[in-house]
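# Tertiary structure, described
Spelled out, the chains give:
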Amino acid sequence: MIENIDLSLVNWSRAQFALTAVYHWLFVPLTLGLSFILAFMETIYVRTGDEVWKKITKFWMTLFGINFAIGVATGIILEFEFGTNWSNYSWFVGDIFGAPLAVEGILAFFLESTFVAVMFFGWNKVGKKFHLTSTWLVAVGANLSALWILVANSWMENPVGMVFNPDTARNEMASFREVVLNPVAVDKFLHTVTSGFVLASIFVLGISAWFLIRKREEHLARKSILVAGIFGLVASVAVALTGDSSARTLAQVQPVKFAAMEALYEGKSDAGLTVIGALTDSGERLGEKKVHDVKLRIEIPRLLSIMTTGKGSGYVPGLKDLVNGNPEKGILSVSEMMERGKYARQVLTDYKMAKEIGDTETMEALSARFKESDFTDNYFRYFGYGYFEHPWQVVPSVPVIFYSFRVMVGLGFFFILLFILALWFYRREALERNRWFLWLALLSIPLAYLASELGWIVTEMGRQPWIIQNLMPVGVAVSNISAGAVQTTFWLFAVLFTALLVAEISIMVKQIKTGPKH
Amino acid sequence: MTRITTAISNIFRFYYDGFRTMSWWGKRVWVIILIKLFIMFLILKIFFFPDFLKVNFGSDRERGDYVLEQLTGNN
């Protein structure tokens, strides 16, 4: 049971994974977005033959190269951690995780060894069109590479397309199509890559603004602001739309996370979306979890109901409904799910015992149950609940998710305004006159990274206590190793990644100060 | 055969020239990449991140039985 698990080990393993993922994600979104910005700029160069666009493309390509090179392979450390710290999980997911990651590995290898090389070494050595094609293929390839990682991640949020094999204790892929077209994966891919486009656009906008503040490279800066402004505006609207679609899917497959994002404890019809609010302790408890009141609330009436059900009068379940159950609304209580999960675990235990004594007849009968839809749909799908002692244990940290979500969304709308202003001032040839805007654009670069990281915090912290939704809690996923070993490698990573980040920032700043080659 | 040899020679020359004429930042990031890969694969992976199941069990059957035990333990 969960109580018997070494919490220190679980917490250090989670902290280490979070640290690695957060650092890794500092490099990835810039690669995703800047690759497309380069492709747009080079396309303009090839179509117009204007050498200024070639100079602009090559300048941003340098910054892309620094980020790409320093960030490359930082994600592999996450795979090291799966094998060492999360071995039960790694084994349990079986080939579901392996197949998309293998596709990603092959794609990344061919991409990195061929087209990136053409991009950097190929100027004046290959034809203009071949070079341009390579730049586009790097952009498409980098984003497709992200697709496979996100498919694997989405399966953890909404496990589909698999059959559990009790003999090997692994999930086996039954439908690659279902895994790839998992609605969570589709939403997550679109939302994640478009957020990368926004981050890269703000990066280009901010650095161009710095050039204008310093009255340097003004032509390059203005042209770059135009490309980043258009791309960023389109992408930031797309982020808002895909975020809306993600929320709709989330309400179906992870209703507890969705309710936690809104700090919605009591389910209701005509539910409004909280735009701004402050959480306070109500004094009430849901099990051992605090129940929060939302003070200073500014809300958009009925929007939450519309987002989740498509109707303003639609019922949105709160955390109390989801934990205690609401038969009127067809919501199963967590206690009931725990019973069903325990039953599924008992069937697996019976299988294990039959295997130990070589009772093949019982083994075959029990193994067949894992393929019956009645058992998989009504019992095995709640397998992970069988590890809990108390229903309230399925509730994540509400304040972390509530505030992270609000800051992320608030920044998202701020970025839309920023891009509109950039294009407005560009059109009126008023960029240099509005120095406040230039400073705002420059200072928005860290905000773009903050918003991007907060998105992952909402996703991953909101999923707690699950590593695989409904099937495996984090406490069951860890390896039987010492917490001290994980603690040591945590600090090793902290030093390594900080060194890489310092190296990236220092080389990049030096290159920005140097500016494009004339 | 000559065509293939020429193609390989051209590819080699493409990469060779690319690395030879690399700018200061290119050389610097390559040094960082090599140090990073050395630390990751020859230090961290070998000494700090052994695959728990591969190190402790000899076959997939044993690994499966171990995880089955973990999943059903205390039930």
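Owing to the predicted nature of the structure, the values given are computational and were not obtained by experimental measurement.

## Overview of helix H4 (residues 60-72) of chain B
With 13 residues, H4 of chain B should cover 18 Å at 1.5 Å per step; its first-to-last C-alpha distance of 18 Å lies within 8% of that length. Tucked into the core, H4 of chain B has its buried residues touching helix H4 (87-93), strand E1 (162-165), helix H13 (334-357), strand E8 (472-473) and helix H18 (474-477) of chain A together with helix H3 (52-56) of chain B.

## Regarding the side chain of Ser367 of chain A
Position of Ser367 of chain A relative to the elements: it lies in helix H14 (residues 360-369). Ignoring anything within four residues of it in the chain, the contact list for Ser367 of chain A reads Pro166 and Tyr351 of chain A.

## With respect to the pairing of strand E5 (residues 289-300) of chain A
Residue and element names in this part refer to chain A. Sheet topology note: the strand E4 (residues 273-286)/E5 ladder contains nine bridges and is antiparallel. Within E5, the residue paired with Thr280 across the bridge is Asp293. From the end of E4 to the start of E5, which pair antiparallel, there are two residues, and Gly287 there has a positive phi angle of about 65°.

## Examining the interface of chain A and chain B
Size of an interface: often given as the accessible area lost when the parts come together. Taken together, the contact between chain A and chain B spans 61 residues of the former and 41 residues of the latter. For the chain A and chain B pair, buried surface summed over both sides reaches about 4200 Å², with 71% attributable to carbon and sulfur atoms. In terms of surface lost to chain B, no three residues of chain A exceed Phe80, Trp91 and Phe121 of chain A, which account for 17% of the buried area on that side. Seen at the junction of chain A and chain B, the total is two salt bridges. Note that Glu69 of chain B is salt-bridged to Lys352 of chain A, the shortest N-O span being 3.2 Å. The interface formed by chain A and chain B includes 13 residue pairs in polar contact (both at pLDDT 80 or more). Elements that contribute at least two residues to the side of chain A that touches chain B include exactly helix H2 (51-71), helix H3 (76-85), H4, helix H5 (95-121), H13 and helix H19 (483-514) of chain A.

## A few points about the nonpolar core
Trp60, Tyr89 and Phe203 of chain A together with Leu71 of chain B are the most contacted members of the largest nonpolar core, which has 148 residues in total. Structurally, this core is a two-domain feature, drawing no fewer than three residues from each of domain 1 (2-254 + 397-512) and domain 3 (334-392) of chain A. Setting aside anything within four residues of it in sequence, one finds Tyr89 of chain A in contact with Phe82, Phe97, Met156, Ile467, Ile468, Met472 and Ala477 of chain A. Core analysis: the second largest hydrophobic core is formed by 40 residues, Leu273, Val334, Val395 and Leu454 of chain A among them.

## Examining the packing of aromatic side chains
Residues and elements named next belong to chain A. Taken as a whole and assessed by the stated rule, the structure comprises 51 aromatic pairs over all chains. Consider the rings of Tyr23 and Phe497, whose centres lie 5.3 Å apart with planes at 15°: the pair is stacked. Note that Tyr23 is positioned in helix H1 (residues 7-48) and Phe497 in helix H19, a separation of 474 residues in sequence. You can call Tyr23 buried: its relative accessible area is 15%. Counting every residue linked through ring pairs, the aromatic cluster contains Phe92, Phe164, Tyr343, Phe370, Phe375, Tyr379, Phe380, Phe383 and Tyr387.

## Re a nonpolar patch on the surface
A cluster of nonpolar side chains, contributed by Ile76 and Leu492 of chain A together with Leu37, Phe38, Phe41, Leu42, Ile43, Ile46, Phe47 and Phe48 of chain B, occupies part of the molecular surface with about 860 Å² of accessible area. Of the residues forming the nonpolar patch, the biggest block, eight residues, is contributed by helix H2 (residues 24-48) of chain B. Secondary-structure assignment places Phe48 of chain B in helix H2. Judged by its relative accessible area of 34%, Phe48 of chain B falls in the partly exposed class.

What counts and how
- Residues numbered from 1 in each chain as written.
- Chains lettered and ligands numbered in written order.
- Predicted model: local features only at pLDDT ≥ 70, side-chain atom pairs only at ≥ 80, totals over all residues.
- Heavy atoms only, no water.
- Helix = DSSP H or I, 4+ residues; strand = E, 2+ residues; numbered from the N terminus.
- Expected span 1.5 Å × (residues − 1).
- Contact = heavy atoms within 4.5 Å.
- Pairing = 2+ DSSP bridges.
- Buried area = accessible area lost by both parts, 1.4 Å probe.
- Salt bridge = Lys/Arg side-chain N within 4 Å of Asp/Glu carboxyl O.
- Polar contact = N/O pair within 3.5 Å; in protein donor to acceptor, adjacent residues only side chain to side chain.
- Core = buried A, V, L, I, M, F, W, Y, C linked by side-chain atoms within 4.5 Å.
- Buried < 20%, exposed > 50% of the residue type's maximum accessible area, 1.4 Å probe, protein only.
- Domains from an automatic or database assignment.
- Phe/Tyr/Trp six-rings, centres within 6.5 Å; stacked < 30°, edge-to-face > 60°.
- Patch = residues over 30% accessible without salt bridge, like charges linked within 9 Å, V, L, I, M, F, W, Y side chains within 5 Å.
- Areas by Shrake-Rupley, 256 points an atom, 1.4 Å probe, with all protein chains shown as cover.

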